Protein chains: 2
Amino acid sequence: MYTCVPFKQVDVFTAAPYKGNPVAVVNLMDKDESEYSTEYLQSIANWTNLSETTFLLKPTKLNCDYKLRIFTPASELPFAGHPTVGSCWAFHEFTGKTGNSLTYQECGLGVVEITRTGETLLFKAAKADIEEISHAEVDAYEEVLNTKFLEPAKLLQVGPKWIVCLVKDAEICYNLEPDFQKMKEYNTKFNATGLIVAGKKQGEDAYEMRAFAPAEGVSEDPVCGSGALALARCLQSVHNFQATYSFKIYQGGRLGRKGQINAIIEHVDSGINYKVGGRAVTVVDGTIKF
Amino acid sequence: MYTCVPFKQVDVFTAAPYKGNPVAVVNLMDKDESEYSTEYLQSIANWTNLSETTFLLKPTKLNCDYKLRIFTPASELPFAGHPTVGSCWAFHEFTGKTGNSLTYQECGLGVVEITRTGETLLFKAAKADIEEISHAEVDAYEEVLNTKFLEPAKLLQVGPKWIVCLVKDAEICYNLEPDFQKMKEYNTKFNATGLIVAGKKQGEDAYEMRAFAPAEGVSEDPVCGSGALALARCLQSVHNFQATYSFKIYQGGRLGRKGQINAIIEHVDSGINYKVGGRAVTVVDGTIKF
């Protein structure tokens, strides 16, 4: 009844095992997607208990290398950042394509372009829309985090719907003690995936960042790629940069991690590209019952 | 710097993958325990994000088959139930000893005897002490769970320090919506691992059970062996059974699982043995960086 399929658990946004954000990657590229249900994939993601579990599938779109389905313990996502980096890393290992490359990932949000240089992967945002939110919602999140924001919080649609909150500095961000019960209520009420909170490090092009998604069953995500993308888009809106701006994001310290994300707000002739990425390392390697 | 060691992620208290409680088992039987720190083992358990991660080590006590160290994402435990069943299952697979057997596990609590019959493993309690708690503490937990108890809740020292709360019936237990923030505060204040809540199924020797340990970083544990042991010891205290009593525990329904635990209150000439166990199945099989 059950067979064994290839499986990797990859640590993302770190080169050192156990310091990044893990993603479980199930390789179903030899299987037919119509043979199993969404409910079954969801039950596997609930069981691994990681912030995300992904399934590598045969691509259905021309010129794509693979199709990716991404699940939290509670639901399916059209896109997510660290699972994209970790799943592309696993795809390269599964297929032996570990040289410099351009890889195209098909997912719920569309096609995502991933550039590999050495052991660093960067994905380009397929979508990064910014929207104002109501004063009532901003006030609710200031209450939940018990701090004032530098700018009114914004809704960033990058696949997940992140509320981005800029606080005074890196230290205040690091020390936040959110009320998760209330945050869950407000996220559900206002239909947001969760909160991205960031504070700048003095004298550095770098931010301390934290990501919270209690309504998705993940109180705090250790290192969050789509959150980094949301932050980059939000910073462009706030600072109106006129040339390419690169910065680093540090995340996960409160959870004993040491995640590092590279973010690039790339100004090109055709407009602005948002790119986010970092290192990855395969920690668990084997098979999983399916 | 890193090597790969054998690794299994075992689903416990179920014969069907993804319906029980997973435990990650790292096989260090070929390693020297003095070569790595407790902090490092803890960081691995934090990373897997499972309720427990265990490390199989060379035994140091005579007649023991292996030594087991058990970690939640937040701390080390002297004993835990489903990790004992899952780790013994993994030990049998690693060593090819999958026939009927008696296995002795060395752990923080002492030596635990595990009986294997076919594919069912039962462990015998090394410790199951029951204590009264204050009225104030009982009241606090009734507030947290928003229900009245059939009997004043008791403290069960079975390795973890569980507060066992008996509620009116199985349905009430299943439908509880605890206040996790408050539970975490009270568990920390009163120095308990968490709460075990159980309600009897009408007309069956069976209980619906739930296990909560928010102060340990695990809001709800899907299927909990040491909790089952605590429940068995508590029921003996309440009902004063004069002969061997066996019952089933159903757990995990609210989390999409379908866990089944066998519990035996075994009356023998020398006194009473408490035995708890069930089935297990290896889901992930491979190596982990160490």
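Quantities reported herein were computed from a predicted structural model and do not represent experimental measurements.

Draft legend 1. Region of interest: helix α1 (residues 38-48) of chain A. All names here are of chain A. Of all 11 residues in α1, eight are buried; the element is thus mostly enclosed. Those residues of α1 not exposed but buried are Tyr40, Leu41, Gln42, Ile44, Ala45, Asn46, Trp47 and Thr48. Asn49, located one to two residues past α1, shows a positive phi value of around 65°.

Draft legend 2. Layout of the UniProt feature "active site" (unreviewed entry) in chain A. Those places that UniProt annotates as "active site" (unreviewed entry) correspond, in this numbering, to Glu52(A). Beyond its immediate stretch of four places on either side in the chain, Glu52(A) contacts Pro22(A), Val23(A), Ala24(A), Ile70(A), Phe71(A), Thr72(A), Leu77(A), Ala80(A), His82(A) and Pro83(A).

Draft legend 3. Here's a closer look at the pairing of strand β11 (residues 161-166) of chain A. All names here are of chain A. Most of β11 is tucked away: five of the six residues are buried. Inspection of the sheet shows strand β10 (residues 154-157) paired to β11 by four bridges, in the antiparallel sense. Within β11, the residue paired with Leu156 across the bridge is Trp162. Between β10 and β11, which pair antiparallel in sequence order, lie three residues; one of them, Gly159, sits at a positive phi of approximately 115°.

Draft legend 4. Expanded view of the domain arrangement of chain A. All names here are of chain A. Domains assigned within chain A are domain 1 (4-124 + 280-289) and domain 2 (129-278). Computed over C-alpha atoms only, the centres of domain 1 and domain 2 are separated by 23 Å. For the pair domain 1 and domain 2, the two sides together bury roughly 1900 Å², of which 59% comes from carbon and sulfur. Between domain 1 and domain 2 we count zero salt bridges in total. The interface formed by domain 1 and domain 2 contains 11 residue pairs in polar contact (both at pLDDT 80 or more). Counting only elements with at least two residues in the side of domain 1 that touches domain 2, the list comes to β2 (21-27), α2 (81-95) and β8 (120-124). Counting residues per element, the side of domain 1 that touches domain 2 draws most heavily on β8, at five residues. Classifying every residue of the side of domain 1 that touches domain 2 gives 14 nonpolar, eight polar and three charged.

Draft legend 5. Molecular detail of the relation of the copies chain B and chain A. The operation relating chain B to chain A is a screw motion whose rotation component is 180°, with 0.0 Å of axial translation and a residual RMSD of 0.0 Å. Taken together, these values place the two copies in the relation of a two-fold axis. Proximity to the rotation axis, assessed at the C-alpha, singles out Gly286(B) in chain B; its C-alpha lies 2.0 Å from the axis. Both copies contact each other with a shared surface, as 100% of the interface residues of chain B are interface residues in chain A too.

Draft legend 6. Focus on the pairing of strand β17 (residues 271-278) of chain A. All names here are of chain A. Most of β17 is tucked away, with six of its eight residues classed as buried. Bridging between strand β16 (residues 259-268) and β17 involves seven bridges; their strand directions are antiparallel. Paired with Val268 across the bridge in β17 is Gly271. The antiparallel hairpin formed by β16 and β17 contains two residues in its connecting segment.

Draft legend 7. Structural view of the interface of chain B and chain A. Facing 31 residues of chain B, the contacting portion of chain A comprises 32 residues. For the pair chain B and chain A, the two sides together bury roughly 2600 Å², of which 53% comes from carbon and sulfur. Among the residues chain B hides against chain A, the three largest losses belong to Tyr18(B), Trp47(B) and Lys289(B). Together they make up 34% of the total. Linking chain B with chain A are zero salt bridges. Run the count over chain B and chain A and you get 13 residue pairs in polar contact (both at pLDDT 80 or more). Those elements that provide at least two residues to the side of chain B that touches chain A are β1 (4-12), α1 (38-48), α5 (180-190) and β18 (280-289) of chain B. Here the side of chain B that touches chain A gets nine residues from one element, more than from any other, and that element is β18(B).

Calculation criteria
The written sequence of each chain sets the order in which its residues are numbered from 1. Lettering of chains starts at A and numbering of ligands starts at 1, both following the order in which they are written. A pLDDT threshold of at least 70 governs which residues receive local features in this predicted model, and a stricter bar of 80 or more applies before side-chain atom pairs are shown or counted, although totals over entire chains, interfaces and linings include all residues. Computation of side-chain values: all heavy atoms of the structure, hydrogens and water removed. Throughout, exposure labels follow a simple rule: accessible area from a 1.4 Å probe, protein chains only, divided by the maximum for the residue type, with under 20% read as buried, over 50% as exposed, and the rest as partly exposed. In this description a helix means any DSSP run of H or I spanning at least four residues, a strand means any run of E spanning at least two, and both kinds are numbered starting from the N terminus. UniProt positions are given in the numbering used here, feature names are shortened, and annotations may be inferred rather than shown by experiment. Residues count as neighbours in contact if any of their non-hydrogen atoms are within 4.5 Å of one another. Any two strands with at least two DSSP-identified bridges between them are counted as paired. Here the bounds of each domain stem from an automatic or database domain assignment. Accessible surface is computed with a 1.4 Å probe, and the buried area is the amount of it that two parts give up when combined, taken over both parts together. Whenever a carboxyl oxygen of Asp or Glu lies within 4 Å of a side-chain nitrogen of Lys or Arg, that contact is scored as a salt bridge. We define a polar contact as two N or O atoms separated by no more than 3.5 Å, with the added condition that, inside protein, one atom must be a possible hydrogen donor and the other a possible acceptor, whereas residues neighbouring each other in sequence contribute only through side-chain atom pairs. Any residue outside Ala, Val, Leu, Ile, Met, Phe, Trp, Tyr, Cys, Pro, Asp, Glu, Lys and Arg is labelled polar, Gly included; the first ten of those are nonpolar and the last four are charged. Each copy is superposed on the other by least squares, with the fit set by C-alpha atoms of residues at a pLDDT of at least 70 in both.

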